[in-house]
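Geometric and topological summary
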Amino acid sequence: MNTLSPPCMRGRFFKIYYMRLTLLVAMVLLSAVAVAQPAVGTTVPEIALKDVNGNTVTLSSLRGKVVLIDFWASWCGPCRKTNRLMVRLYPKLKAKGFEIYSISIDDDVTDWKKAIAADKITWLQVNEKNGWNGPVANAWKIEQIPATFLIDKEGVLVAVDPDERLLEKKVNVLLKK
């Protein structure tokens, strides 16, 4: 008999409980992998959404550029703060071959367009009509915004949610390749 473990850990009930708990943890971990966002080092899935003028813009049309995919919404305070940071960064990098493909998950297109004007956004804007439940947001497993994905010139994911300094550094390195 093991005298070092408490009596509650020696019984049959504990063994069954421990096995069930272990199985539950394994299932949670496996389900997290099954619904994961695109992985760094993989080619990202295609996106085709309508811009502010109603024209369909595909992500693949930007191949050859370093692209930041940015999921956001007009009602999201942190997203609007990120927009202000990008307004400063974008002009410095655009001429070198950098582009932002912003995907709004706004349900109200009018609010989306007002936010574009208010934030003085000059980069590419598209809208996911069904917001969180839209096919693109689902394919990319978007559960919070802002959510950003940096892809290289070949469409390979390089970074997820990089901060401003890391973003600028990575973009500059990728533009030199």
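To start, this report covers the structure provided alongside it. Once a new chain begins, its residue numbering starts again from 1 and follows that chain's sequence as written. Note on the predicted model: pLDDT of at least 70 is required for a residue's local features to be given, and 80 or more for side-chain atom pairs to be given and counted; whole-chain, interface and lining totals, by contrast, use all residues. Each side-chain value is worked out from all heavy atoms of the structure, with water and hydrogens disregarded.

Some points on the pattern of salt bridges
- Salt bridges are counted wherever a side-chain nitrogen of Lys or Arg sits within 4 Å of a carboxyl oxygen of Asp or Glu. Inspection of the entire model under this criterion finds three salt bridges.
- Residues Glu168 and Lys92 are paired through a salt bridge, measuring 3.3 Å at the closest nitrogen-oxygen approach. Note that Glu168 is positioned in helix 5 (residues 164–176) and Lys92 in helix 2 (residues 77–94), a separation of 76 residues in sequence.
- Between buried and exposed lies partly exposed: a residue is buried under 20% and exposed over 50% of the maximum accessible area for its type, with that area taken using a 1.4 Å probe on protein chains only. On the basis of relative accessibility, which here comes to 48%, the residue Lys92 falls in the partly exposed class. Every helix listed is a DSSP run of H or I at least four residues long, and every strand listed is a run of E at least two residues long, numbered separately from the N terminus.

A closer look at the pairing of strand 4 (residues 98–104)
- Burial runs high along strand 4: seven of the seven residues are buried.
- Residues Phe98, Ile100, Ser102 and Ser104 point to one face of strand 4 and Glu99, Tyr101 and Ile103 to the other, with burial holding for every one of them.
- At least two bridges found by DSSP between two strands are what make those strands a pair. Relative to strand 4, strand 3 (residues 66–72) is paired through seven bridges, and the arrangement is parallel. Within strand 4, the position partnered with Phe71 by the bridge is Ile103.
- In terms of handedness, the path from strand 3 via helix 2 over to strand 4 forms a crossover that is right-handed.
- Relative to strand 5 (residues 124–127), strand 4 runs parallel, the two being bridged by four bridges. Its bridge partner being in strand 5, Ser102 is matched across the sheet by Gln125.
- In this view, the connection linking strand 4 to its parallel neighbour strand 5 by way of helix 3 (residues 109–118) has right-handed handedness. When the strands point away from the viewer and the connection leading from the first strand across the helix to the second strand turns clockwise, the crossover is called right-handed.

Things to note about the state of the cysteines
- By convention in this document, the label disulfide applies to cysteine sulfur atom pairs within 2.5 Å. This structure, assessed with the given rule, holds one disulfide.
- Two residues, Cys76 and Cys79, share a disulfide whose sulfurs are 2.4 Å apart. Judged by the sign of its S-S torsion, about 75 degrees, the cystine formed by Cys76 and Cys79 is right-handed.
- On the basis of relative accessible area, Cys79 is assigned to the buried category, the value being 1%.

A closer look at the sheet that holds strand 6 (residues 147–151)
- Ordered by their spatial adjacency, seven strands build an open sheet running 2-1-5-4-3-6-7, and the pairing between neighbours is mixed. Looking at strand neighbours, the two that pair on one side only are strand 2 (56–58) and strand 7 (157–160), the edges of this open sheet. Neighbouring strand axes in the sheet, compared pairwise and without regard to direction, differ in orientation by 35 degrees on average.
- Its contacts with the sheet place helix 2 against strand 3 and strand 4, and it is angled at close to 155 degrees to strand 4. In this analysis an axis means a line fitted to C-alpha atoms, helices contributing only their contacting stretch, and an angle means the value between N-to-C directions, from 0 to 180 degrees. Any two residues having at least one pair of non-hydrogen atoms within 4.5 Å are treated as being in contact.

A look at the environment of Cys76
- Relative to the elements of secondary structure, Cys76 occurs in the loop between strand 3 and helix 2.
- Cys76 sits in the buried class, given a relative accessible area of 5%.
- Excluding its chain neighbours within four sequence positions, the residues that come into contact with Cys76 are Ile145 and Pro146.

A short note on the nonpolar core
- Counting 45 residues, the largest nonpolar core has Ile69, Phe71, Phe98 and Tyr101 as its most contacted members.
- Going through the elements one at a time, strand 3, helix 2, strand 4, helix 3, helix 4 (135–139), strand 6, strand 7 and helix 5 are the ones with two or more residues in this core.
- Tallying contributions element by element places strand 3 first for this core, with six residues.
- Contacts of Phe98, omitting those with residues within four sequence positions, involve Val66, Leu68, Tyr90, Leu93, Leu150, Val171 and Leu175. Residue types Ala, Val, Leu, Ile, Met, Phe, Trp, Tyr and Cys, when buried and joined through side-chain atoms within 4.5 Å, form a set referred to as a nonpolar core.

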